[in-house]
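# Close look at the chain arrangement
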Amino acid sequence: MGTGIPLLNEYKQEFFAKRFPQTILGGPKLRLGYDAPIYVYINQVLLFIIPFILGGVVTLLVELNTINDVTGVILFGCLMLIVVITIHIVTTIVQVKFTPDLPYPTKKNLLAEEDEIDFVSCCGVETVEFVIPRKKFIANIAIHAVISGCMCSLALWYLLPTTLNGLFSNNTGATVVLFIFGWFTVLVAQYPLTVAAPPEPATYRTMDRWELSPLTRPFYVLMFSAFDLLYRYESQSTFLTTNQALHVLFVFLPVLWTCGFLPPVDCFFLWMGEQIHVYLLGGSPMASDLRLGVLLTLSVCVYLGAYFLSQCLGTVLLSALCGYLLSIDLGGLGNQIILTCRNRNKVSDDQGAIAMETGVKGFLWRWDIFQFLYHLLMLALVGTSAGLLNLNSHTLSGDVWKILGYVTIGLCVVEKIVRDIQNVYIFFGLLRNRLFPSSARISKPYLNRMRMLKPLGIVRRIIVNWVSPLTMLMYSSLLVTSSEPSSVSATATLSTVTAVWYIFGVVRVFRTIWQSTVNSLLELSIAHIFLVNVTSTSDLMLFPILSLLIGLCRDRATQFLNKLYFCVTILITSWTDKKQRRGSTVALIGVSVFLFPLVFSMVSLASILSAPLLPLFTLPLFVMGFPRPNKFWPEEVGASANVNPDTMFYKQLTPVLSGALRTAFADGRLGEACVGNHYLVRYQDRLVWIMILERGSGYCSVNIKGLELQETSCHTAEATRLDDIFEEAFPEDLGCFPLNHYPLHTLTLVDIEPIKTYSDARNVLTGIIDQPGSFDVTMSSFIKSLVWVLLHHVNKLKLKEHSKKKENVSKGTGSENNNNISGRISKASIHHNDKAVIAMETYAGRPSSSKQNKMNSSWGSLGSFTDSIFSEDEFTDRKKTNTKKQEPKKSVSPAFGAPAFGAPAFQAPAKTTNKFDDDIDDLMNDFELGLPVLDKNKRTAGTVSKFDSKKANNGIFKPVTNLAGSPDFKCSHSVHVSLPQKWRELPLESSQVSRYLGKFPKEWFKYVLGTLDWSCVEGPVDQVKDQVASDDVLINCYSQLVMACYSIFEANSAMGGANTLYKFYNGDLPWNAMLDWLSEDKVLYKLVLKAYRYGFKMMLDQTLMGEATTPEEIQEYLTEFDSDWYIGLEKEEEWKSSVLNSVPNLFSLGHNKAQGTYSSRLLTLQEEMVYIGRLNSEAVKGQWANLSLELLYFTNDDEERYSIQAHPTILRNLTVQAADPPLGYPIFSSQPITIPTV
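A short tour of the structure in this document, coming up. What you see is a predicted model, and the numbers here were worked out from it, not measured in a lab. (Residues numbered from 1 in each chain as written. Predicted model: local features only at pLDDT ≥ 70, side-chain atom pairs only at ≥ 80, totals over all residues. Heavy atoms only, no water.)

## Thoughts on the overall build of the protein
Check the secondary structure of the protein and you find 41 helices and 15 strands. Per-residue burial for the protein yields a buried fraction of 54% across its 1238 residues. In the protein, 78% of the contacts between residues at least 6 apart in sequence involve partners at least 24 apart. For the protein, the accessible area works out to roughly 54,300 Å², and carbon and sulfur atoms hold 61% of it. (Helix = DSSP H or I, 4+ residues; strand = E, 2+ residues; numbered from the N terminus. Buried < 20%, exposed > 50% of the residue type's maximum accessible area, 1.4 Å probe, protein only. Contact = heavy atoms within 4.5 Å. Areas by Shrake-Rupley, 256 points an atom, 1.4 Å probe, with all protein chains shown as cover.)

## With respect to the nonpolar core
In terms of nonpolar packing, the biggest core is built from 82 residues, with Ile769, Tyr1038 and Trp1077 touching the most fellow members. Sorting elements by how many residues they give to this core places helix H34 (residues 1032–1050) first, with 13 residues. Excluding anything up to four places from it in sequence, Tyr1038 contacts Leu790, Leu791, Val794, Val977, Ser978, Leu979, Phe1000 and Phe1005. Core analysis: the next-biggest nonpolar cluster, separate from the first, contains 76 residues, Ala145, Tyr220, Leu262 and Ile1210 among them. (Core = buried A, V, L, I, M, F, W, Y, C linked by side-chain atoms within 4.5 Å.)

## So, the packing of aromatic side chains
Enumeration over the complete set of coordinates arrives at 61 aromatic pairs. Ring geometry for Tyr303 and Tyr307: centres 6.2 Å apart, planes at 25°, overall stacked. One end of the pair is Tyr303 and the other is Tyr307, both in helix H12 (residues 289–308) and four residues apart, which spans about a single turn. Residue Tyr303 is classed as buried on the basis of its relative accessible area of 9%. Residue classification places Tyr307 among the partly exposed positions, given a relative accessible area of 23%. Each ring, one from Tyr996 and one from Tyr1046, has its centre 5.7 Å from the other, and the planes form 75°; the classification is edge-to-face. Residue Tyr996 is located in the loop between helix H31 (990–994) and helix H32 (1002–1009), and its partner Tyr1046 is located in helix H34; the two are separated by 50 residues in the primary sequence. Using a relative accessible area of 10% as the deciding quantity, one classes Tyr996 as buried. One aromatic cluster is present, built from ring pairs that chain together Phe775, Phe782, Tyr996, Tyr1046, Phe1049, Phe1064 and Tyr1092. (Phe/Tyr/Trp six-rings, centres within 6.5 Å; stacked < 30°, edge-to-face > 60°.)

## Looking at the state of the cysteines
One pass over the structure, following the stated rule, counts zero disulfides. Of all cysteine sulfurs, the one in Cys123 lies closest to Cys122, which takes part in no disulfide; the gap is 4.2 Å. Lacking any disulfide linkage, Cys322 is separated from the closest cysteine sulfur, that of Cys301, by 9.8 Å. (Disulfide = S-S within 2.5 Å.)

## Details of the pattern of salt bridges
According to the stated counting rule, one finds 32 salt bridges in the structure shown. A salt bridge links Asp266 to Arg205; the nearest nitrogen and oxygen atoms lie 2.8 Å apart. Taken together, the residues span a long stretch of sequence, with Asp266 in helix H11 (residues 265–279) and Arg205 in the loop between helix H7 (172–194) and helix H8 (216–233) at a distance of 61 residues. Here Asp266 falls in the buried class, since its relative accessible area comes to 16%. As a salt-bridge pair, Lys416 and Asp420 come within 3.2 Å of each other at their nearest N and O atoms. Highlighted residues: Lys416 and Asp420, both in helix H17 (residues 400–421), separated by four residues, approximately one helical turn. For Asp420, a relative accessible area of 19% translates into the label buried. Through salt bridges with shared partners, a single ionic network connects Lys454, Arg461, Asp667, Arg669, Asp751 and Glu753. (Salt bridge = Lys/Arg side-chain N within 4 Å of Asp/Glu carboxyl O.)

## A few points about unusual backbone geometry
When glycine is set aside, most residues are seen to have a negative phi, and most peptide bonds are trans. Omega for the peptide link from Pro1221 to Pro1222 comes to 10°, which places this bond in the cis form. Inspection of the secondary structure assignment puts Pro1222 in the loop between helix H41 (1212–1217) and strand S14 (1228–1229). Phi at Ser610 takes a positive value of approximately 55°, unusual for a residue other than glycine.

## Here's the deal with a nonpolar patch on the surface
On the surface, Phe363, Ile369, Phe370, Phe372, Leu373 and Leu376 cluster together to form a nonpolar patch covering roughly 620 Å² of accessible area. With respect to the helices and strands, Phe372 occurs in helix H16 (residues 369–391). (Patch = residues over 30% accessible without salt bridge, like charges linked within 9 Å, V, L, I, M, F, W, Y side chains within 5 Å.)

## Digging into the pairing of strand S15 (residues 1233–1236)
Residues Ile1233 and Ile1235 point to one face of S15 and Thr1234 and Pro1236 to the other, with burial holding for every one of them. When strand S7 (residues 699–706) meets S15, the two strands line up antiparallel, connected through four bridges. Paired with Tyr699 across the strands is Pro1236, a residue of S15. (Pairing = 2+ DSSP bridges.)

## Regarding the pairing of strand S13 (residues 1157–1175)
Judged by how many residues are buried, S13 sits mostly within the fold: 14 of 19 residues are covered. Relative to S13, strand S5 (residues 678–683) runs antiparallel, the two sharing five bridges. The residue bridging Leu680 from the neighbouring strand is Gly1173, located in S13. In the sheet, strand S8 (residues 747–764) pairs with S13 via 17 bridges, with the strands oriented antiparallel. Each bridged residue has a counterpart across the sheet, and for Pro754 the counterpart in S13 is Met1169. Pairing geometry for strand S12 (residues 1145–1152) and S13, over eight bridges, is antiparallel. Residue pairing for S13: His1151 is matched across the bridge by Tyr1158. The turn linking S12 back onto S13 is made up of four residues, and Gly1156 within it adopts a positive phi angle of 70°.

This is the structure we're talking about:
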């Protein structure tokens, strides 16, 4: 594999050959790849050397003493300012004037190539645009011109022969060399300000939105020049050697820029701010740039206060209190306040973010009153301890601080032992821990062993969160003192320079004991050993300064060891892994071994600068990448991801995994949660990447990424190696001296955790759904499921309506008119007589004619309303519309021409009503009121009594009318399960429905009635159930609707078989007349489809596990489906929401057309053992640095490139995937998640 894949394809090699000279020269495009007129090159050369021509003239005038050096510097700066402004004003005017005719695109894309251009003339618009592109922002013309003037003027002074002779004792050779190459550096740095920034290997952002790239090279020139000014005006004797070294380094700046060692200007400030915040002020790298800026500003304010306080006690108290206060999760508090303000008047659309915020609850997960009280208590304890000990530091015995120092050393040792004993491997990951469970399955031995290790975790929590910080606080309070703490400053006897570093050490030591307790234990332990055994009086032995140096050395040493480990791993595996071998592998290994001192120096330099060690194309060829912040990528954490259908699984997992990480981090099972650590979580076919972004007192912030499922061979190869590592950690027999079989692997297994997440099972249904009887079983189950679904749906609506009415009554919001109507309704219900009959005006129109039906509602019988029987059967959410009274039509034709109903017997006279009348009409229509009472023994002409009926063959009561209108139930409580009116107005075809009425399960219907919630009904529940179950009118309503829906499926079942079942499951029904009204009613359609899917799932279960013969067994199925299942399709939105809501089971049906097979997918929420491994952080940073260089500079985006191929040892493919988009492609990336570690 390694031999046959080129590092760069031929096209990219040609592109690099054109780009590289631009990088060296600072931007001039002297190699275009196509023929261009000579004036194109001449124009670029003139722009390149203009500063040298003008600077040479001014230098000559200064050296000839025609003008003094200060005048020459100012003159040259003004000349360059005028030149740059003039050039850009002229080119902007030309390009704006001829913009419509401009053939060259002005928008620059760092990933795009330059197109060939047809040049017309020397000063043509296309030439001007090519040579001097327009600035994106007009303001940048002035800004870049001013910076150019300042830089060139100071560089002139920096490189004057007089200056160089004075530095190097009139050494002519040194002066000439530094003058020539120094001016080349100035020209390379100035050209981007005049024209545009060159392509830089050190690229931090994919798009330069604010045109900061042209400022990078001038920034470093200005830094060197600023130090020269310090040398000139402060102390020449003190800074002489440093200034000489910087002048020599100045001429090598083009080499550093070409190699990409120096970061871009924006990245430089972020990196420098983070280094100051961490190593001088005791803070932590932050999860966002904004947090870093705010915390850095606060920390600097604390430093200034501590420095200028005139009492040592005040310095200690301020440092101790603010050290604790700034180490807690202030960023999380700020985010919570912002989120609360944003959501006060609106609802967030990001349901995933809301679920993540509220998914995990408990102490310290969110800021609340208990967290505030906890931190106030801790602040009081910190202030009291630090103040009293510092105030009495001279009265206490001199051995107290030594005792506290030895206690600190003991706590450091105990914490390390307790933490390592809980890991899978110990002794730098080389030995298998025999105390860790020997089995990775959730079993009794595993639970017993973890229960045995739990006390160790509790002991570590106590040590890390309270005992160690307070011990180190007391230790530091005794050592940071003065002759009189209450009146004398802590720096009273120190020089200014020493005092500055001393206060840095004080602020840092009181901050880091809370911000990073474990590291602080080690640092203070080493410092105590030095203080006890070394008697030097040097300022370096002052406790704050010593702890400052030890902290920096500890971090750099850790980085050095990890980088060296990564370097050795790449060297060894490039030969031992046959798939990684290339023709140049032996040569590269030989060079690395022969030039090992150079490689060692490169590793050391990268460690000192906290920069990644970059393996070029992931070969054993190492260079230093440019320093960058700990979070590595420029965009906000979690800002983007390559979302696909599998993203929802990681969204569901994130809150659950966060809860497990809390316990694991707090107990120490994952090691110390150091900022920059990377963890890989593996379970089933999924991979989760975790990065620690921020660490503080009692919390850490992490970013959780979900990687794509195993779809590529490279992904599969590396995932398989992970599985091998995990399996080798749990062999059947550990032996007496178990070793790690993969000591050089970038991943070390640290823990396994049971986490409740989805297991994914896919099964082929061949031989099940294609059986001859499968369709009949499904349809039989469908009828019962539909009865269940409809009754429970209506029951829930009625309960909701009842509770809403009770709320309205309790609030007293009803109007007087509504109260009167409610009184009439109550009265009518109380005087209900089972023998009374209401002759109702009926209408068998389509749902689209509901408005006309409303017009036909009768008002004439309002006087006799209290004597009528009331039947409540309307949805509370029915859409109300104001309609004017119209004279109703004398007759309405029923649907499909079926004369199921008689003509209306009562017609209200036309009259004009106001808006109030319309509202009353709507209300009366909702409750089906206002119809005349007729003698039960007398039939009115043109009407049909609802009880003029006949019995169906199956004994179900069947009135002459169908579902339209409001039925007169025999039981007054039937209204609580009455079908909504819009479902009774459906245009059923009676001839089609009547054929299936015999299949209606009457006994099952009565059984389901008994399972409903009758809490809103007054009276004995059992008696109510019996009365409702004996109501033939209610049974008739449901039987006609259920069998009408059933007929839609049955009428299209002629083909039968698996394909028909699959199509019905998907809702793919052939058209017929009955399907029209079902499709128009979205709610009913979803309920019917849901019932069919229930029936299909019941068929599968009964085929596999046996037939359900009793109503109780069927009820058990359907109850479980309602509460614990989602049965549908993966492409449906409800599938996604069910996963996010952690529905216990999900089922879907699929079809492979190519193979002609049908398959099911079953997701089950259950505890899964997830493996958690810690990655070598420097290996991750090095590969990410190479990825950035390849894609942003070499533009090597070939999907089959060498550097993205599988590397089972360093997990190259997975590491590339885990990078932030657009360079990586995780399918899920969370916002920073704060995890408590108390």
